[in-house]
Each structure stands twice: as structure tokens, then as C-alpha cells.
Amino acid sequence: MKLFLATLSLFAITASGHAACCCQPKDYSFYAKIDSGISCSESANVVAPSPPWNPAIQGYNAKLGNRPIAGLSIGCEWRRIVDLEVNFSNRSVFKYRKFQTAVNGSGSYTRQFDLNVTPVLFSANLLGRDISCLNWDIGCGKIYPMIGAGLGVSNLLITNYRTTGLPPSGDSSPYASFSAENQYTLHKNFTYTVLAGIEYCYKDSWAIGTGYRLFNAGHFKGPRYQRVADGSAVDVAGDAWKMRFRANEWFIEFKIFI
């Protein structure tokens, strides 16, 4: 009987310890996330060397417009304090359109190109989820601030690069007169982001967040090869356009723990 009671007590102690261990929260949780929003481009800061590019009364600078964002992330939340994730997203299609009147009075025309921006980023976001003074209970969940940054690479794809309304002849020394048509140019640029926002987490099962993000894909060049008046192509090399892509973004994201 004493042996039976001792065995039962040992079993009870072991089971109690195991239950306590199972109830302890994990240090990490994996998640999948989808995000969207609006990317509002800043000025493209186009620099077109003259010659060969004609000086224009309106200049070459213009914004690329506002475009939607679509993204997917896989990540891990560590101790409810840091999100570490890999994100793939797309912003398309930004459009550059610049009507110009030549300074020398040789006519008017429109410069244009389209830009598709596709980054892959490694990001870290700090959360106020488990900091008592930085979270608030709402319903069965918590709302809290977040800040973060990301580093990675963007594919910057230029298409539909052309000049419409340009006469087939003129002075573009040291090159023959030219216009650019249907050029396809791909650059891979270092990219960084910084963000600030808020997130609401419901019962450790899903979360939704929103906020502001600065997106900077750096400086890059336009197409090197231009179509001249006789139909052949020339390499303008160092005289290619120089520009940048930077945007202010509003984002919204949905995260589900797996």
C-alpha cells in the first residue's frame, strides 16, 4: 500500500510538472503575412546630359505617380518582441510622362517610360506587444506600436522607353538624331525601408497592422541603346539618363501564425 501511494504521488508530481511546462509560452512563433497599400513616388530626379539630350523649358524631372502594393512574407516572431521576416512584393506600373518644349525652338514632344519595382527584403520589426506601457487590451487582443527596417535588392524594370512627337532629324551631337523606342532595361539595386505603425493581435492566432513606410531603391540609369534616324542603334553609355526611385507608402498587412 505504501509503495502504491508513493508511486501515485510520483506520478502526480511528474504530470503536474509536465502540464506546467506545456502551458509555458513558446519563445518563438512562425507566421505568414500578406500586405497591400499605396506607394506614392517622389520626384524621379531625372538628369539627362546635354548634349546629346535637348535642353527643355520644362526640364526632365517628374513624378512617377502612385501605384498599389502586393506582397507576401514568411517570418518568425521571437519572444513577442521582434519579427524577423523575408518579404517579396511588387509595385507596378509606375509611369513617367514629361511633355517638353525644346529651348532652341525645334518643337515639342513627350518623353516617357514605365517602371516596375519588385523588391526582396529581409526585415526586422520591433513590437510593443509584451511591453506593459506600450500595449493596450482591446477585446480579446492587444494593440501596440511597431517600428522596423528592411534591407534587400530590387528589380527595377524599365519598359516602353520612348519619345513621341520627336522629329526624325536634328542636332544631337556627338550622335545622330535619335529617339528611344520600346527599350527593355533591368537593374538590380540595393534597397532599404524604414517603417512605423500599429498592430493588433488577436489571441495569438492572427494580427493586422498598418502604418507608414519609406521605400528607397536608390539611383539607376536609363537605357544605353537609342534608335537613330537611319534605324540603327547607338550606345550612349555615359550619356544615359540618371534617375532614382523613392516612395512614401501607406501599408496594411494581415499576419496569421502557423
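That block above? That's the structure.
The rules we used
- Residues numbered from 1 in each chain as written.
- Predicted model: local features only at pLDDT ≥ 70, side-chain atom pairs only at ≥ 80, totals over all residues.
- Heavy atoms only, no water.
- Pairing = 2+ DSSP bridges.
- Helix = DSSP H or I, 4+ residues; strand = E, 2+ residues; numbered from the N terminus.
- Salt bridge = Lys/Arg side-chain N within 4 Å of Asp/Glu carboxyl O.
- Buried < 20%, exposed > 50% of the residue type's maximum accessible area, 1.4 Å probe, protein only.
- Phe/Tyr/Trp six-rings, centres within 6.5 Å; stacked < 30°, edge-to-face > 60°.
- Contact = heavy atoms within 4.5 Å.
- Polar contact = N/O pair within 3.5 Å; in protein donor to acceptor, adjacent residues only side chain to side chain.

Concerning the pairing of strand β3 (residues 82-101)
Consecutive side chains of a regular strand alternate in pointing toward one face of the sheet and then the other. Of the strand pairs in this sheet, strand β2 (residues 66-78) and β3 are connected by 10 bridges, and their pairing is antiparallel. Paired with alanine 70 across the two strands is asparagine 90, which belongs to β3. What sits between the antiparallel neighbours β2 and β3 is a turn of three residues, in which arginine 79 has the positive phi angle 55°. As paired strands, β3 and strand β4 (residues 108-127) are joined by 16 bridges and run antiparallel to one another. Counted as the bridge partner of lysine 95 is aspartate 114 from β4. Between the end of β3 and the start of β4, which pair antiparallel, lie six residues, with glycine 105 showing a positive phi angle near 75°.

With respect to the pattern of salt bridges
Two side chains with opposite charge may pair up if their charged atoms get near one another. Going through the model one piece at a time under the given rule, you end up with 15 salt bridges. Arginine 246 serves as the salt-bridge partner of glutamate 42, at 2.8 Å between the closest nitrogen and oxygen. Highlighted residues: glutamate 42 in the loop between β1 (28-41) and β2 and arginine 246 in strand β12 (residues 242-257), separated in sequence by 204 residues. When the shortest N-O distance is used, the salt bridge between aspartate 114 and arginine 97 registers 3.1 Å.

Thoughts on unusual backbone geometry
For the bond running from serine 50 to proline 51, omega is -10°, close enough to zero to count as cis. Looking along the chain, the bond that leaves serine 92 and enters valine 93 is cis, with omega of -10°. By the secondary structure assignment, valine 93 is in strand β3. Positive phi is not limited to glycine here, since asparagine 45 has a value of about 50°. Secondary-structure assignment places asparagine 45 in the loop between β1 and β2. With a phi close to 55°, arginine 79 is a non-glycine residue in the positive phi region. Relative to the elements of secondary structure, arginine 79 occurs in the loop between β2 and β3. Residue classification places arginine 79 among the partly exposed positions, given a relative accessible area of 42%.

Here we look at the packing of aromatic side chains
In total, this model carries 13 aromatic pairs according to the counting rule given. Each ring, one from tryptophan 53 and one from tryptophan 241, has its centre 5.4 Å from the other, and the planes form 65°; the classification is edge-to-face. With tryptophan 53 in the loop between β1 and β2 and tryptophan 241 in the loop between β11 (233-235) and β12, this residue pair connects regions lying 188 residues apart in the sequence. Across the pair, tryptophan 241 and tryptophan 53 agree in class, each one buried.

Here we look at the environment of tyrosine 96
Its place among the elements puts tyrosine 96 in strand β3. Exposure remark for tyrosine 96: the relative accessible area of 0% places this residue in the buried category. Sequence spacing of tyrosine 96 and threonine 110 is 14 residues, and the spatial spacing of their C-alpha atoms is 9.9 Å. Not counting residues within four places of it along the chain, the set of residues in contact with tyrosine 96 comprises Val46, Tyr60, Ala62, Leu64, Arg111, Gln112, Phe113 and Trp241. At 2.4 Å, the side chain of tyrosine 96 and the backbone oxygen of tyrosine 60 are in polar contact.

Remarks on the environment of glutamate 42
Glutamate 42 sits 174 residues away from asparagine 216 along the chain, and the two C-alpha atoms are 10.0 Å apart. Excluding its chain neighbours within four sequence positions, the residues that come into contact with glutamate 42 are Lys63, Leu64, Arg244, Arg246, Ala247 and Asn248. A polar contact is formed between the side chain of glutamate 42 and the side chain of arginine 244, at a distance of 3.5 Å.

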